[in-house]
Structure formats: structure tokens, C-alpha cells
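# Report on the structure
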Amino acid sequence: MRGLPIYWKFLTHQSSSNLTEQQAVMRPVFKLLKKYKIVLIADREFHSIFRSHWLKKYQKYNVYFALRRKNSTMIKRGQKYCNISELKVNIGETKLFLNQKITKIKRVGMYNLLIYEKQRYRHKSVSEKWYILSNLSTAGKVKKVYSQRMGIEAMFKDYKTGGYNLESSKANEKRLNNLILLIAISYTINSLAGEKIKNKRIQEYISRTNEKRRKYRRHSNFYLGLSGINWIVNDNFMWELVGDLMMLNPHKT
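The text that follows walks through the structure, step by step, so that each part is easy to find. (Residues numbered from 1 in each chain as written. Predicted model: local features only at pLDDT ≥ 70, side-chain atom pairs only at ≥ 80, totals over all residues. Heavy atoms only, no water.)

### Digging into the pattern of salt bridges
Note the threshold: One speaks of a salt bridge when a side-chain nitrogen belonging to Lys or Arg is within 4 Å of a carboxyl oxygen belonging to Asp or Glu. Helical segments are the DSSP runs of H or I of at least four residues, strand segments are the runs of E of at least two, and each set is numbered from the N terminus. With a 1.4 Å probe rolled over the protein chains alone, any residue whose accessible area is under 20% of its type maximum counts as buried; one over 50% counts as exposed, and the rest are partly exposed.
Counted under the stated rule, the structure contains two salt bridges. In this structure, Arg-149 engages Asp-43 in a salt bridge whose closest nitrogen and oxygen atoms are separated by 3.9 Å. Placement of Arg-149 in helix α5 (residues 149-159) and of Asp-43 in the loop between β1 (38-42) and α3 (49-56) is noted, with a sequence separation of 106 residues between them. On the basis of relative accessibility, which here comes to 28%, the residue Asp-43 falls in the partly exposed class. Notably, a salt bridge pairs Glu-117 with Lys-129, separated by 4.0 Å at the nearest N-O pair. Of the two residues, Glu-117 is situated in strand β6 (residues 111-117) and Lys-129 in strand β7 (residues 129-134); the sequence distance between them amounts to 12 residues.

### What about the pairing of strand β3 (residues 74-77)?
Applicable threshold: The rule for pairing is simple: two strands pair if DSSP sees at least two bridges between them.
Relative to strand β4 (residues 80-83), β3 runs antiparallel, the two sharing four bridges. Among the inter-strand pairings, Ile-75 is bridged to a residue of β4, identified as Cys-82. Counting the residues between successive antiparallel strands, the hairpin from β3 to β4 contains two residues, one of them, Gly-78, with a positive phi of roughly 75 degrees.

### Some thoughts on the side chain of Arg-51
Applicable threshold: Contacts: residue pairs with any heavy atoms within 4.5 Å of one another.
Assignment of secondary structure puts Arg-51 in helix α3. Since its relative accessible area comes to 4%, Arg-51 is described here as buried. Setting aside residues no more than four positions away along its own chain, Arg-51 makes contact with Ser-17, Asn-18, Leu-19, Gln-22, Glu-45 and Phe-46.

### Describing α3
Quick reminder of the rule: Residues adjacent in sequence count toward polar contacts only when both atoms are side-chain atoms; beyond that, a polar contact is any pair of N or O atoms within 3.5 Å, and within protein one must be able to donate a hydrogen and the other to accept it.
Taken as a whole, α3 has its buried residues at Ile-49, Arg-51, Ser-52, Trp-54 and Leu-55. Packing partners of the buried residues in α3 comprise α2 (19-32), β1, β2 (63-68), β6 and β7. One side-chain oxygen at the N-terminal end of α3 lies 3.2 Å from the backbone nitrogen of Phe-50; it belongs to Ser-48.

### Here's the deal with the packing of helix α4 (residues 139-147) against α5
For clarity, the cut-off: Each axis is a line fitted through C-alpha atoms, and for a helix only the stretch in contact is used; angles between axes span 0 to 180 degrees, taken between their N-to-C directions. Angles below 35 degrees are treated as roughly parallel, those above 145 as roughly antiparallel, those between 65 and 115 as roughly perpendicular, and all remaining angles as oblique. Under this grouping Gly is polar, as are all residues other than the nonpolar Ala, Val, Leu, Ile, Met, Phe, Trp, Tyr, Cys and Pro and the charged Asp, Glu, Lys and Arg.
It is at 4 Å that the axes of α4 and α5 come closest, and there the two elements cross at 10 degrees. By the angle class used here, α4 and α5 are roughly parallel. Contacts between α4 and α5 involve Val-145, Tyr-146 and Ser-147 from the first element and Arg-149, Met-150 and Gly-151 from the second. When grouped by side-chain class, the residues that make up the contact of α4 with α5 number three nonpolar, two polar and one charged.

### Describing a nonpolar patch on the surface
What counts here: Patches in this entry comprise residues that are over 30% relatively accessible and not in a salt bridge; like charges within 9 Å are linked, as are nonpolar side chains (Val, Leu, Ile, Met, Phe, Trp, Tyr) within 5 Å. Here the Shrake-Rupley method, with its probe set to 1.4 Å, supplies the accessible areas, and only the displayed protein chains count as covering residues.
Among the surface-exposed residues, Phe-237, Met-238, Leu-241, Leu-245 and Leu-248 lie close enough to one another that they form a single nonpolar patch of about 510 Å² accessible area. When you line up the elements, Leu-241 lands in helix α8 (residues 221-248). You can call Leu-241 partly exposed: its relative accessible area is 33%.

### Observations regarding the pairing of β2
Rules: By convention, orient the strands away from the viewer: a clockwise path from the first strand over the helix to the second makes the crossover right-handed.
In terms of residue burial, β2 counts as a mostly covered element, since six of its six residues are buried. Bridging between β1 and β2 involves five bridges; their strand directions are parallel. Across the sheet, the residue bridging to Val-39 is Tyr-64, located in β2. Once you follow β1 into α3 and on to β2, the crossover reads as right-handed.

### As for the environment of Ile-229
Within the secondary structure, Ile-229 sits in helix α8. Sequence spacing of Ile-229 and Asn-190 is 39 residues, and the spatial spacing of their C-alpha atoms is 7.8 Å.

### Topic: the side chain of Lys-101
Defined as follows: Charged residues are defined here as Lys and Arg on the positive side and Asp and Glu on the negative side; His and the ends of the chain fall outside this count.
With respect to the helices and strands, Lys-101 occurs in the loop between β5 (94-100) and β6. No salt bridge is formed by the buried Lys-101; the nearest opposite charge belongs to Glu-86, separated by 16 Å. Within the structure, the side chain of Lys-101 is placed 2.7 Å from the backbone oxygen of Ile-105, a separation counted as a polar contact. Leaving out residues up to four positions away in the same chain, Lys-101 has contacts with Met-74, Ile-75, Lys-76, Tyr-81, Lys-106, Val-108, Gly-109 and Met-110.

### Things to note about the packing of α2 against α3
Inclusion rule: Put simply, a crossing is left-handed when the front helix is turned counterclockwise from the back one by less than a right angle, and right-handed when it is turned clockwise.
Contact geometry for α2 and α3: axes closest at 11 Å, N-to-C directions at 20 degrees. One way to sum up the angle between α2 and α3 is to call them roughly parallel. The interaxial crossing formed by α2 with α3 has right-handed handedness. Touching Leu-19, Gln-22, Gln-23, Met-26, Arg-27 and Phe-30 of α2 are Phe-50, Arg-51, Trp-54 and Leu-55, all from α3. Of the residues contributing to the contact of α2 with α3, the split by class is six nonpolar, two polar and two charged.

Here is the structure:
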């Protein structure tokens, strides 16, 4: 929570955050969680090699990273440089290149680069490739860690238009900090409740898994937990309403 007042200052502009801003947010987090192993996962907004170089200095404090790179990033192969997009991998294949010189900028160190091209999904070809810069040393770890970012994207949607409409709150700094704390608590409760419902295999009784104009089934623990809580609240309310209606004509009950 210490980083939130700092982060608030960067919400006033619409462009991508720069290295100075991101360092100001990450330093207090690293300090707060210094007893734990930290893995930073980020998309191509974090593509700067200077950001990776700065993070690598924290590796002795158990800080690791898996950062998405643009396909135009340069890598040194032998005596020449080429775009990482020129490195070939087959569909569904994962390759990890250890201790590579990334970009032509000097004094930024060596990094591990993972390249992964997604498998065919639902009989459709997926052309997107992952180019992940990391200080983790095995392909399995890098792939597993970065795959978790997809859940973070779902969480962002739940915080915004998919659930709590955080961006529409228009709260000031103090109220925003309190609101984020309440949302984090509520999100955790709903997600755990949804996971419990799934483990019991009763999700179809709580929330529709299919909808019109919805391409895929719902899988979010958060949304399922939220629906379950709403179902309980509405069920109690309906029984109270039925009781009140029956009391209007008690001789007809």
C-alpha cells in the first residue's frame, strides 16, 4: 500500500509510464517484500533494456523478472546482430537462449531469452509469438511464470468494467487508496468462494456457464464467486419478500 500514493501521481497522464516512474513504484514493494522471492511479470510497456538492467541488480535480493519484448529487438548471434523475430521456432515449441547480448547498447549485461509460439487453439492457427527476457534459467519456469500474466489481465477487467468499475469512481487520492484496499479484500473473498464452488462442481446451479453472444464458457473464479454471493443475498431477500406478501392476506395462506 505504500506505493499507491506514488502511483496516484502517474494516473494523471495517458501515455506509458517511464523508467523513473516505475522505479518509484517498485522500490517500496521490493523493500516491503524483501523476505520473499519476487517475480516481476510485465508486457511490452516494460521493453526498455535499461529497465531490465536495473532489475537485474536486484537479483541478489531474490528479485526475478519475465518481461515481454518487441519482435524488433536486436540480439547478437555470432559476430552479427539480427531481430529476435528471425529466430525460428516451430508451433508449440519453446526455446531458451541463455546469456544473450540483447540490443546493441553497451554495458547492459547478458540475459536469457525465451521464444515460444503458441499451439493451435480450437483448430485455429495462432501466429503470435512470445519473446520473453528473463533472469530465470529454465524454459519451463519462464513459460509458467509469464503464463500467469493472462490471469492478471482478467483481474484488471474484473477491477474495471467486468466488476467494480474502478476507473469510473473518480475518487481522490485518499479515497482511491481506501477503495483499492476494499476491492482487494472483496476480490479475494469472491475468488476463493468461486474456487470452492468449482471444487464442489455446482457452478451450473450458481451461474450460467453459457450465454448468448458469448463465445466461450465462463471460467473466472471471481465472477462465479460474485454470482454465488448475489444468489445467496437475493435468495434471502426473496424469502423475506414472500413472507411479507403472505402477511398481507394471512387468511389465504
